[in-house]
Amino acid sequence: MITERPVDIFSATFKANPFPYFAHLRATMPVYRTVLSDKQEAWLITRYDDVAAILKDERFAKNKRNAMTPVQLKKVRGVPAMFQALDQNMLDLDAPDHTRLRGLVHKVFTPRLIEQMTERVQTLSDQILDGVQSQGRMNLIADYALPIPLTIISEMLGIPESHRGKFHKWINGMITAQGDIGMIRIMPGVLLMLRYLRGLVAERRAEPHDDLISALVAVEAGSDQLSADEVLAMIFLLIVAGHETTVNLIGNGMLALLQNPDQMAKLRGDPTLIKPAVEELLRFCAPLETATERYAREDVTISGVTIPRGERVFAVLASANHDETYFPNPETLDITRENNKHLAFGQGVHYCMGAPLARLEGQIAINTLLRRLPDLRLAVSPESLHWRQGIALRGLEALPVTF
């Protein structure tokens, strides 16, 4: 088997510029077995066609229990009891469980609900800039890219404003935790979050509000029920998917525009380009480095390499979206790019349900910044920026700007 020195693709240093390494894998080892930071082996799939195929291939399971042999399962670490409630989320399930849960959530997370958020996102974006514009500088992540999606999803769910900061802290700890020590460190936060969510669900069951948690509880009470743990897992997933990826879209996207002033000037001069611009930023900036993990249900051969049953696979979205055989000049940011069939939101039955909301927030947030802050520029060198570690997500810790 072809091997090379393992690279920690989930480290902060690697996330600063993963694209040359993925280009190397596409050219030489498109199906590559490596060792990740949790000391477990995994396969990296890097070419566009292979990634697109795997995302829709039923031979790859989301739930390891549906893929591994009994012998393999005995070697897998059990999920700590405190995490088991969150283990019932749609990202980690296969049909028919995934189909059932997604259908139930579609009843409350509707396109009409997303459309109604346009005015609120615009108002919020302007209000944030009203508060910082006179200062002449800000951390674009903490002061702008984070508050917009976090506020929106929290308002949709019905989480009080005073509690939203705690949620971000808890979730950030979970998605950046690596290894046994990292998991031990986040346990107090997980316990606090679950205790808080259970209390909030109990309140909405006793006194429903006009929010998503109340709607999920109402679904739970129907004939096709969501269990108590499924409600908790769904709330957690909506919070994470509802703000973390969009923070990265806005933050990474603005960094890319600041580093490509011709594209930023083009968008500022013609705000109607914002839809293709956001699609290009999704492709170019990789707010999700990889899709969430999958497991081979059987021996599967891809690009001449056989992945044995039960082994873990990561479809590398950041690589697929820079595949030179699919995208002309993939390392060039082009906000007018046509036929931009990127995979940033995945494909198949696990396609991101929150994609319409992420697009809406990204479009409004970026256009508002360019309209309100004509002198926006980086306050530090790009090389000095720090990126967050962790599985799947790719985003900046901070983005200091002046204007």
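In this text, all values refer to a predicted model and were calculated from it rather than measured experimentally. (Residues numbered from 1 in each chain as written. Predicted model: local features only at pLDDT ≥ 70, side-chain atom pairs only at ≥ 80, totals over all residues. Heavy atoms only, no water.)

## Focus: the pattern of salt bridges
Here comes step 1: Inspection of every chain in the model, using the stated rule, returns 18 salt bridges.
Here comes step 2: The closest approach of N and O atoms between Glu311 and Arg33, which form a salt bridge, is 2.5 Å. On the criterion of sequence distance, the pair formed by Glu311 in the loop between β7 (305-307) and β8 (312-315) and Arg33 in strand β1 (residues 31-35) is long-range, its members being 278 residues apart.
Here comes step 3: A relative accessible area of 18% means that Glu311 is categorised as buried.
Here comes step 4: In this structure Arg33 comes out as partly exposed when scored by relative accessible area, which is 24%.
Here comes step 5: Residue Arg297 pairs with Asp94 through a salt bridge whose shortest N-O separation is 3.8 Å. Of this pair, Arg297 sits in the loop between β5 (294-296) and β6 (300-302) while Asp94 sits in the loop between α4 (70-75) and α5 (97-106); the two residues are 203 residues apart in sequence, bridging distant segments of the chain. (Salt bridge = Lys/Arg side-chain N within 4 Å of Asp/Glu carboxyl O. Helix = DSSP H or I, 4+ residues; strand = E, 2+ residues; numbered from the N terminus. Buried < 20%, exposed > 50% of the residue type's maximum accessible area, 1.4 Å probe, protein only.)

## Details of the packing of helix α13 (residues 228-259) against helix α15 (residues 274-285)
Here comes step 1: Interaxial distance between α13 and α15 falls to 9 Å at its minimum, and their mutual angle equals 90 degrees. Relative to α15, the element α13 lies roughly perpendicular. Across the interface between the two elements, Leu249, Asn252, Gly253, Ala256 and Leu257 from α13 touch Val278, Leu281, Leu282, Phe284 and Cys285 from α15.
Here comes step 2: Within the contact of α13 with α15, the residues separate by chemical class into eight nonpolar, two polar and no charged. (Axes fitted to C-alpha atoms, helices over the stretch in contact; angles between N-to-C directions. Parallel < 35°, antiparallel > 145°, perpendicular 65-115°, else oblique. Contact = heavy atoms within 4.5 Å. Nonpolar A, V, L, I, M, F, W, Y, C, P; charged D, E, K, R; others polar.)

## Some remarks on the layout of surface pockets
Here comes step 1: When its volume is computed, the second largest pocket comes out at roughly 350 Å³.
Here comes step 2: Lining the second largest pocket are 15 residues, and of these Ala16, Asn17, Phe19, Gln259 and Arg394 sit closest to its centre.
Here comes step 3: The dominant element in the lining of the second largest pocket, judged by the number of residues it contributes, is α13, at four residues.
Here comes step 4: Grouping the amino acids of the lining of the second largest pocket by side-chain chemistry returns nine nonpolar, four polar and two charged. (1 Å grid on protein atoms, 1.4 Å probe; cavity = no way out; pocket = protein on both sides within 12 Å on 5 of 7 lines; lining within 4 Å. Points joined across faces, edges and corners; volume = space filled by probe spheres on them.)

## A few points about α5
Here comes step 1: Within α5, the full set of buried residues consists of His98, Leu101, Arg102, Leu104 and Val105. Buried residues of α5 fall within an arc of 160 degrees about the axis and therefore sit on the same side. (Arc of directions from axis to C-beta.)

## Focus on the environment of Gln225
Here comes step 1: Here Gln225 shows up in the loop between α12 (212-220) and α13.
Here comes step 2: Assessed through its relative accessible area of 46%, Gln225 is described here as partly exposed.

## Some remarks on the packing of helix α14 (residues 261-269) against helix α17 (residues 355-372)
Here comes step 1: Running from N to C, α14 and α17 cross one another at 90 degrees; their axes reach a closest spacing of 10 Å. In terms of orientation, α14 lies roughly perpendicular with respect to α17. Along its contact with α14, which presents Met264, Leu267 and Arg268, the element α17 presents Ile366, Asn367 and Leu370.
Here comes step 2: When the residues that make up the contact of α14 with α17 are grouped by side-chain class, the tally is four nonpolar, one polar and one charged.

## Remarks on the packing of aromatic side chains
Here comes step 1: One pass over the structure, following the stated rule, counts nine aromatic pairs.
Here comes step 2: Here the aromatic rings of Tyr48 and Phe327 are separated by 5.7 Å at their centres, their planes lie at 75 degrees, and the arrangement is edge-to-face. Here Tyr48, found in helix α3 (residues 48-56), pairs with Phe327, found in the loop between α16 (317-320) and α17; they are 279 residues apart in sequence, far enough to count as distant. For the residue pair Tyr48 and Phe327, the accessibility class agrees, reading buried in each case.
Here comes step 3: Each residue in the set Phe14, Tyr21 and Phe22 is aromatic and connected to the rest through ring pairs, giving one cluster.
Here comes step 4: The ring centre of Phe327 lies 5.4 Å from the NZ or CZ of Arg283, which sits over that ring. (Phe/Tyr/Trp six-rings, centres within 6.5 Å; stacked < 30°, edge-to-face > 60°. Lys NZ or Arg CZ within 6 Å of the ring centre and 35° of its normal.)

## Digging into the environment of Leu288
Here comes step 1: If you trace the backbone, Leu288 turns up in the loop between α15 and β5.
Here comes step 2: Measuring from C-alpha to C-alpha, the distance between Leu288 and Val201 comes to 30 Å, with 87 residues separating the pair along the chain.

## Let's talk about the sheet that holds β5
Here comes step 1: What the five strands build is an open sheet, ordered β1-β2-β8-β5-β3; its pairing is mixed. Of all the strands in the sheet, the pair left with one neighbour each is β1 and β3 (60-61).
Here comes step 2: By the bridge criterion, three bridges tie strand β2 (residues 41-45) to β8 in an arrangement that is parallel. Note on β8: the bridge partner recorded for Ile45 is Ala315. (Pairing = 2+ DSSP bridges.)

## Structural notes on the pairing of β8
Side-chain direction in a regular strand flips from residue to residue, so the side chains alternate between the two faces of the sheet.
Here comes step 1: Judged by which residues are buried, β8 turns out to be covered on both faces: Arg312 and Phe314 on one side and Val313 and Ala315 on the other are all buried.
Here comes step 2: Looking at chain direction, β5 and β8 are connected through two bridges and run antiparallel. Along β8, the bridge assignment pairs Arg294 with Val313.

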